[in-house]
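Each chain, written out:
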Amino acid sequence: MHQTHSDVVLVVDGSENEPTCDALVTQSKGVGVAAMAADCMPVTFSADGVVGIAHVGRVGLVKGIAQKTVEVMFGLGAEKITATIGPSICGRCYEVSPEMYSEVIALIPATATSAVLHTLDLQAGVTAQLSALGVEIRNVGICTRENPEYFSYRGGDVIERQAGIISL
Ligand SMILES: [Zn+2]
């Protein structure tokens, strides 16, 4: 998909050519849906008969892209959904301005770490959002900024990205 930090979720069957959105959901067997990220979170979603992927950064988290993906999957008949948070920048490493820190933690309290360090914990934020919807969460626990085996935009990898992929 062509990702724009939006809250747009599309249901696809594999016939689309790089749709503009930040989450994809499919019920088509053998169709892999993918998100590219290097510090933002690639979040996969699995349920009986339907899977999804979301590209979740700070902007997407605030817009509720992960929750919207789950809502679309529930709408397609998913009952029990498991989400997996892929490699992404952690709450120790994602420093933002004090103003931005205050703004985001007011909207999503789980992202708070410390006012002194003003780093945001996006993984905790999406975990709180999805847990509230009854989604089971797994977190691979890999920080892209700290682990040299993964691309990190903050770490200077301007072009390279990881891909999170899931299929039925
Ligand atoms: Zn880190």
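Below or above, wherever it landed, is the structure these notes cover.

Basis of the calculations
- Residues numbered from 1 in each chain as written.
- Predicted model: local features only at pLDDT ≥ 70, side-chain atom pairs only at ≥ 80, totals over all residues.
- Heavy atoms only, no water.
- Helix = DSSP H or I, 4+ residues; strand = E, 2+ residues; numbered from the N terminus.
- Rg over C-alpha atoms; globule rule 2.2 N^0.38 Å.
- Buried < 20%, exposed > 50% of the residue type's maximum accessible area, 1.4 Å probe, protein only.
- Contact = heavy atoms within 4.5 Å.
- Areas by Shrake-Rupley, 256 points an atom, 1.4 Å probe, with all protein chains shown as cover.
- Salt bridge = Lys/Arg side-chain N within 4 Å of Asp/Glu carboxyl O.

**Things to note about the overall build of the chain**
Stage number 1. Looking only at helices and strands, the chain has four helices and eight strands in total.
Stage number 2. In the chain, the succession of helices and strands from N to C terminus is β-β-β-β-β-α-α-β-α-α-β-β.
Stage number 3. For 168 residues, the compact-globule estimate of 2.2 N^0.38 gives 15 Å, and the C-alpha radius of gyration of the chain, at 15 Å, lies within 12% of that figure.
Stage number 4. A principal-axis box enclosing the C-alpha atoms of the chain has dimensions of 45 × 35 × 25 Å.
Stage number 5. Out of the 168 residues belonging to the chain, those deemed buried represent 44%.
Stage number 6. Across the chain, every contact between residues at least 6 apart in sequence was considered, and the portion connecting residues at least 24 apart equals 61%.
Stage number 7. Carbon and sulfur atoms make up 52% of the accessible area of the chain, which totals about 8100 Å².

**So, the pattern of salt bridges**
Stage number 1. Per the stated rule, a full pass over the model turns up three salt bridges.
Stage number 2. Glu136 is paired through a salt bridge with Lys80; the nearest N and O atoms lie 2.9 Å apart. Taken together, the residues span a long stretch of sequence, with Glu136 in strand S7 (residues 136–139) and Lys80 in the loop between helix H2 (65–75) and strand S6 (82–85) at a distance of 56 residues.
Stage number 3. The partly exposed category is assigned to Glu136, whose relative accessible area is 35%.

That's the geometry; what it means functionally is another story.
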